[in-house]
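A look at the structure
As a plain string of letters, each chain reads:
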Amino acid sequence: MPNEKPKFYLTTPIYYTNGLPHIGHTYTTVVADTIRRYKRMLGYEVVMTTGTDEHGVNVERAAKNAGVPESEFVANMAETWRALWDELGVPADEFIRTTEVRHARTVQWLFKRCRENGYIYPGHYTGQYCIYDNAFVTEAKPGENCPDCGRPTETLTEENYFFKLSAFQKPLLDFYQKNPDFIRPESRRNEMISFVEGGLKDLSITRTTVRWGIPVPAEESHVFYVWFDALTAYLSAVGGPEYERRGFWPADLHLVGKDIIRFHTVYWPAFLMAAMLPLPKQVWAHGWFLMDAAKMSKSKGNVVLPRPIANVLGMDAMRYFLLREVVFGQDGNFSYDALVQRYNSDLANGLGNLASRTAAMIEKNCGGKIPKPAALQPQDTALAKQAQNAIGEVMEHYNKLTFSRALEEIWALIGATDKYLTSEQPWSLGNTEADQARRATILYTTAEVLHIVTALAHPVLPESTAKVWILLGQPGQLGSLNLDGLRWGQIQPGAALGKSQALFPRIDKAEAIERMEAMENETPKQPVPAATSNAPASTPGAGSAAAAAAPAISEKIGIEDFAKVEMRVGLVKTAERIVGADKLLKLTVDIGSEVRQICAGIAQYYEPEKLIGRKVVVVVNLVPRKLRGVESNGMIVAATVGPEGRPVLASFTEDVEVGARLK
Ligand code: MSP
């Protein structure tokens, strides 16, 4: 069909359901969404797949801990992930769950094809297994920890099917050679080439030690190994065995973090070669977002959640930060401080300010209509030239996925326009005909730059650029604009400005950080068990005034749950205020066995000096976390009183020994 749009298929990893989404996962999904929007603006029909990886020992364990069947646990978690992507404006076109029937069919079909082609054989395997990474760790000896995640490994022997990965050493090296762009960036490509050159061992692809997985056809005691299962999800999402009908396979781009590059660039193409299926065109491995120089993980307690940022600063601010702050492919540090800094300097003072002052000046001086330019002066043509050049350069950067460079270019143009306005001073021109003509030219030029900036920044800042588009009175949906046709001079003089809308209001840094941290601390970091139908209901019609004022008592727990919380008597040794955090005090507290640093949100109600020497109740076995950049290793127990939630410290009327446990 001559009018058919070209197709583009891209994927994020299929995320594990034993954890909750954090900013690291959000990063990959936001990048995928940005590419999707960009490709759509170039006229592609795009499918973006994301989903959930729901099988394996970890899920079995997590479901057991939550006290629910695996199927219920994963359904709940998959919904959490899907709902978050929808809420953040990065919804999947195809959301694939590895527990879906369409997926099981594809995995079994892929296995059969590999087997028929002679690449599968039965055998035994004994080795060290890392249950966190769901992988045998060939480098580790019994008793040693996993070199990737540092957790203990387990020795495991089992009967399983092997995939002849060793047969693919040469085909893979040939493939990398013929397709130099298959692995990006170059450093990862070199790493993978040396890995494959070092020799490939056959791979066990089924398990008899795991129950929760896709059964191997005619071998009911075996289920598929998580990577044979998970990678195949990319194909299941676009038709599986009938992939040709939808026309989206092979994938154009698999986006992954550097942690899983080997699975995607060695195992996955080998499986597909063995099954004689087309290979994906590119795998792009980006770096990690680090928190305090370490990869985020829930066991370290250093994860940053996306929702508080989206709620306080807006989703566009988060997208901008993720793509601007770090060179795509490299690791980068996450900090709230840098995030709010960028928000205020680049978004509020940069794009937001340029848009609102341009609109205000056109409103005031040109009757709210884009003015017609008069004779151009060299400074007008210079800015026009810079904008015209930026179009090509920014698109080139998007094509190469060098997002931070693309944004630098766009913001350089914003900066140049700010300078242009400062030197041309349209506001100090008078009412003579010549002055009016000059002002019209300046404001037209500024509006035109804004038009180009808006179109170019749209893939990264979809919500706010759509608002600027309306503000500029431009017709149609910005997302459907053809970027290939973007040129200087397309804004129509005479077009009436649309309704002005709030764009990136300036925000007080300390307050923004406090709000985000407070929301973050309120959110559970571990999967919460699905609500079950026999959950106890709160007592109806409780009569007393006290009962009416206090919130209903939540679901009952067993004594074993309470026993998990370790509370001890502590003695406050020092107490001080934290600069820039009105509500927090930094305390050092002796808990008997050691002296801990703890931050407490009581600064508005307790004088630090008066706390020294006071005995308090401390929860001592919480994962440490940072509050306003200060480590807090424990929590002081307080009652919450009155409508403002005033904290009142728990205390004792009798003398108690420091370190005594509360039961
Ligand atoms: N289920 C596997 C992937 C199977 S794909 C067929 C998995 N899941 S995961 O939930 O652990 O997600 C890993 C991916 O999340 C990384 O590859 C990366 O895309 C993203 N990130 C997780 N933490 C991250 C950071 N701290 N920084 C950047 N990206 C991170 O592995």
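Notes on the structure follow. (Residues numbered from 1 in each chain as written. Predicted model: local features only at pLDDT ≥ 70, side-chain atom pairs only at ≥ 80, totals over all residues. Heavy atoms only, no water.)

1. Quick notes on empty space enclosed by the protein
On inspection of all chains with the given rule, the structure shows 1 cavity of 30 Å³ or more. Grouping the amino acids of the lining of the largest cavity by side-chain chemistry returns 8 nonpolar, 4 polar and 1 charged. (1 Å grid on protein atoms, 1.4 Å probe; cavity = no way out; pocket = protein on both sides within 12 Å on 5 of 7 lines; lining within 4 Å. Points joined across faces, edges and corners; volume = space filled by probe spheres on them. Nonpolar A, V, L, I, M, F, W, Y, C, P; charged D, E, K, R; others polar.)

2. Structural notes on unusual backbone geometry
Apart from glycine, the bulk of residues carry a negative phi angle, and the bulk of peptide bonds sit in the trans form. Residues Arg184 and Pro185 are joined by a peptide bond in cis, for which omega reads -5°. A cis amide bond links Trp249 with the next residue in sequence, Pro250, at an omega value of 10°. Tracing the sequence through the fold places Pro250 in the loop between helix 8 (243–246) and strand 12 (253–257). One non-glycine residue, Met276, adopts positive backbone phi at about 55°. Its location among the elements puts Met276 in the loop between helix 9 (261–274) and strand 13 (283–286). What makes Met276 exposed here is its relative accessible area of 63%. (Helix = DSSP H or I, 4+ residues; strand = E, 2+ residues; numbered from the N terminus. Buried < 20%, exposed > 50% of the residue type's maximum accessible area, 1.4 Å probe, protein only.)

3. Observations concerning the packing of aromatic side chains
Evaluated as defined, the whole model comprises 35 aromatic pairs. Ring geometry for Tyr15 versus Trp81: centroids 5.0 Å apart, planes at 15°, classification stacked. With a gap of 66 residues between them, Tyr15 in strand 1 (residues 7–16) and Trp81 in helix 3 (residues 70–87) connect regions that are remote in the sequence. Chaining the aromatic ring pairs together yields one cluster made of Phe111, Tyr119, Tyr161, Phe163, Phe168, Phe224, Trp227, Phe228, Phe263, Tyr267 and Phe271. In this structure, Lys7 is placed above the aromatic ring of Phe248, and the distance from its NZ or CZ to the ring centre is 5.2 Å. Cation over ring: Arg262 sits above Phe263, and NZ or CZ is 5.7 Å from the ring centre. (Phe/Tyr/Trp six-rings, centres within 6.5 Å; stacked < 30°, edge-to-face > 60°. Lys NZ or Arg CZ within 6 Å of the ring centre and 35° of its normal.)

4. Thoughts on the sheet that holds strand 15 (residues 294–295)
Read from one edge of the open sheet, 3 strands run 15-14-16, paired in mixed fashion. Across the chains shown, the open sheet's two edge strands, defined by having one partner strand only, are strand 15 and strand 16 (332–333). (Pairing = 2+ DSSP bridges.)

5. Considerations on the pairing of strand 2 (residues 45–53)
The element strand 2 is largely enclosed, with a buried count of 8 among its 9 residues. In this fold, the crossover linking strand 1 to strand 2 by way of helix 1 (residues 23–41) has right-handed handedness. Two elements, strand 2 and strand 3 (residues 94–97), share 4 bridges in a ladder whose sense is parallel. Directly across from Gly51, in strand 3, lies its bridge partner Ile96. (Right-handed = clockwise from strand over helix to strand, strands pointing away.)

6. Quick look at the site of the ligand
Near the ligand there are 23 residues, and of these Ile14, Thr28, Asp53, Gly257 and Phe289 occur at the shortest range. Here Thr28 contributes a side-chain N or O atom positioned 2.7 Å from an oxygen atom of the ligand. For the ligand, a nitrogen atom lies 2.7 Å from a polar atom in the side chain of Asp53. Notes on the ligand: free accessible area 670 Å², of which the protein chains cover 96%. (Near = heavy atom within 4 Å. Polar contact = N/O pair within 3.5 Å; in protein donor to acceptor, adjacent residues only side chain to side chain. Areas by Shrake-Rupley, 256 points an atom, 1.4 Å probe, with all protein chains shown as cover.)

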